[in-house]
Amino acid sequence: MIKRDNGGVFRTSVKKKEKNHSLFLTEQSEFDRIMALLIDNGTYKDEDRSLVLTYAVNFQNWVFATVASAREDNTTMDAMGTLRLHPYFQVAKEAFNQMEKSAKLIGIGVR
């Protein structure tokens, strides 16, 4: 929206969009879920907090890469015309592998 103030200067005001989609909440909700699980099981240690955070961040990366790859084609071509898997598949694979490693160290399974 453009407004004109008393000095003859045009000013713009931009409404900021809020990220309220459920995908933006996955990291925090997964972190809270795992923390509650560890506390309920009596296996929570303060040293696990960074591992849980690592797990939650990789969980979110995996979700985003999976959703993004669903929107895109499964394959892409490089400059030479060679057909390759889309890079989102690699991101999803790496995030899942890191989730598995963190889950084993925490003592939980990957859901």
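Residues numbered from 1 in each chain as written. Predicted model: local features only at pLDDT ≥ 70, side-chain atom pairs only at ≥ 80, totals over all residues. Heavy atoms only, no water.

What exactly am I supposed to notice about the pattern of salt bridges here?
Where side chains of opposite charge bring their charged atoms close, a pairing between them can arise. Tallied over the full model, the rule gives one salt bridge. The partner of R33 in a salt bridge is E30, with the nearest N and O atoms 2.9 Å apart. With R33 and E30 both in helix α1 (residues 26–41) and three residues apart, this pair spans about one turn of that helix. Accessibility expressed as a relative area gives 31% for R33, which makes it partly exposed. E30 sits in the buried class, given a relative accessible area of 1%. (Salt bridge = Lys/Arg side-chain N within 4 Å of Asp/Glu carboxyl O. Helix = DSSP H or I, 4+ residues; strand = E, 2+ residues; numbered from the N terminus. Buried < 20%, exposed > 50% of the residue type's maximum accessible area, 1.4 Å probe, protein only.)

Could you clarify how one ought to interpret helix α3 (residues 87–106) in this entry?
Each turn of an α-helix holds 3.6 residues, which means side chains three or four residues apart point in the same direction. In a regular helix each residue adds 1.5 Å, so 20 residues correspond to 28 Å; α3 covers 29 Å between its end C-alpha atoms and thus fits that length. By the burial criterion, the buried members of α3 are A92, A95, M99, S102, A103 and I106. Seen end-on, α3 carries its buried residues on one side only, within an arc spanning 100 degrees. More than 90 degrees from the buried face of α3, the exposed residues found are K101, K104 and L105. For α3, the elements touching its buried residues are α1 and α2 (48–71). (Expected span 1.5 Å × (residues − 1). Arc of directions from axis to C-beta. Contact = heavy atoms within 4.5 Å.)

Please clarify how the confidence of the model for the chain should be interpreted in this entry.
The predicted coordinates of low-pLDDT regions are not to be read in fine detail. On average, the chain scores 78 in pLDDT, and the residues at 70 or more come to 76%. Throughout residues 14–21 the model reports pLDDT below 50, and contacts reaching past four residues in sequence, or to other chains, amount to one contact. (pLDDT = per-residue confidence, 0-100.)

What should I look at first to understand α1 in this one?
Under the 1.5 Å per step criterion, the end-to-end length of α1 is 22 Å for 16 residues, consistent within 8% with the ideal 22 Å. Buried within α1 we find T26, E30, F31, I34, M35 and L38. The buried residues of α1 occupy an angular sector of 160 degrees when projected down its axis, which confines them to one face. Away from its buried face by more than 90 degrees, α1 exposes I39 and D40. Looking at the buried residues of α1, the elements they touch are α2 and α3. Directly after α1, the chain includes G42, whose backbone phi takes a positive value near 75 degrees.

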